[in-house]
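Coordinates in review
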Amino acid sequence: SKATLFDKGTRVNITFNDVAGLDEAKVEVMEIVDFLKNPKKYTSLGGKIPKGALLVGPPGTGKTLLAKAMAGEAQVPFFSMSGSDFVELFVGVGASRVRDLFKQAREKAPCIIFIDEIDAIGRARGKNVMMSNDERENTLNQLLVEMDGFGTDSGIIILAATNRPDVLDSALLRPGRFDRQISIDKPDLAGREQIFQVHLKPIKTSPNLDIKKLASMTPGFAGADIANVCNEAALIAARKGKTEVEMDDFNDAVDRVIGGLEKKNKIISPEE
Ligand code: ATP
């Protein structure tokens, strides 16, 4: 719940099948899943298992989904927190929440800890406008302390997501911390088609729906936007009293989602 500011080791049943496209990223994260499943296989020759990886890419491209799928594939508990949740906390609270999260994670290891929007707490000194610098630094320092405090054989893997790796404090990227970066890009044509396949599954569509065309109509869409299109199309068709969702409902849904994206971009960059 929001009150605890983090997700306490939930079991997830999301797997790599739920994540469409992202083939290269999946290969990289499969290796991490195997570290969790068979740690001895890797440490037997003296190697050190990485503690963390950074998932880098624009919003809505499936970073959270992929992190959850890793927990699902490895069948380990999933802990998560969002950097932005720490922005308005009273002094000292951020650090103690981080401590609490790692304490619980250690008790449930092997497990995955996912930190969304890590840039909100992990920005390099002097670049943060959201949080008083002292408090943000306390929270960041506690995170670094926790990461250094467990061995590479502890069975805890920390994943963090950001779309601004350039602003991160270099302390976070040092060896033994987030020393691996996995890029999660917006899907290409084939990727969008695969994402449509996933999100069309629960929808009652007309048999002559052209999925390739849907993919070609949606350049620049992230996975989250495609999920949104599928849902909107179903609602638009239902409102018209239809019994199946047709191509023209998808056309309308794409227009609506593009409208929403344009509005959002205006809010984010009003000077343009
Ligand atoms: P943010 O940075 O905004 O948190 P994110 O990269 O973590 O975004 P998710 O929260 O994982 O994005 O994606 C939101 C939703 O979009 C997912 O729950 C899923 O429904 C859909 N989605 C995104 N990418 C994919 C994908 N590659 N395959 C299937 N569904 C996807």
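Here is what the cut-offs are and how they apply
- Residues numbered from 1 in each chain as written.
- Predicted model: local features only at pLDDT ≥ 70, side-chain atom pairs only at ≥ 80, totals over all residues.
- Heavy atoms only, no water.
- Core = buried A, V, L, I, M, F, W, Y, C linked by side-chain atoms within 4.5 Å.
- Buried < 20%, exposed > 50% of the residue type's maximum accessible area, 1.4 Å probe, protein only.
- Helix = DSSP H or I, 4+ residues; strand = E, 2+ residues; numbered from the N terminus.
- Contact = heavy atoms within 4.5 Å.
- Patch = residues over 30% accessible without salt bridge, like charges linked within 9 Å, V, L, I, M, F, W, Y side chains within 5 Å.
- Areas by Shrake-Rupley, 256 points an atom, 1.4 Å probe, with all protein chains shown as cover.
- Salt bridge = Lys/Arg side-chain N within 4 Å of Asp/Glu carboxyl O.
- Lys, Arg positive; Asp, Glu negative; His and termini not counted.
- Charge placed at Lys NZ, Arg CZ, Asp CG, Glu CD.

This part is about the nonpolar core. Within the largest apolar cluster, 28 residues are counted, with the highest numbers of intra-cluster contacts made by Met 70, Ile 112, Leu 159 and Ile 182. Those elements giving two or more residues to this core turn out to be helix H1 (23-37), strand S2 (52-56), helix H3 (63-74), strand S4 (111-116) and strand S5 (156-162). What Ile 112 contacts, discounting residues up to four positions off in sequence, is Leu 36, Ala 67, Met 70, Ala 71, Val 76, Pro 77, Phe 78, Phe 79, Ile 157 and Leu 159. The next biggest cluster of nonpolar side chains, apart from the first, holds 26 residues, and it includes Cys 111, Leu 143, Leu 168 and Ala 171.

There is a patch of like negative charges on the surface, built from Asp 23, Glu 24, Glu 28 and Asp 185. Among the structural elements, Glu 24 can be located in helix H1.

The next thing to look at is the pattern of salt bridges. The final tally for this structure, using the stated rule, is 13 salt bridges. Salt-bridge contacts for Glu 232 lead to Arg 256; the nearest nitrogen and oxygen are separated by 3.0 Å. Taken as a pair, Glu 232 in helix H9 (residues 223-239) and Arg 256 in helix H10 (residues 247-268) lie far apart in primary sequence, 24 residues in all. For Arg 256, a relative accessible area of 41% translates into the label partly exposed. Because the salt bridges share partners, they merge into one network encompassing Lys 240, Lys 242, Glu 246, Asp 248, Asp 249 and Asp 252.

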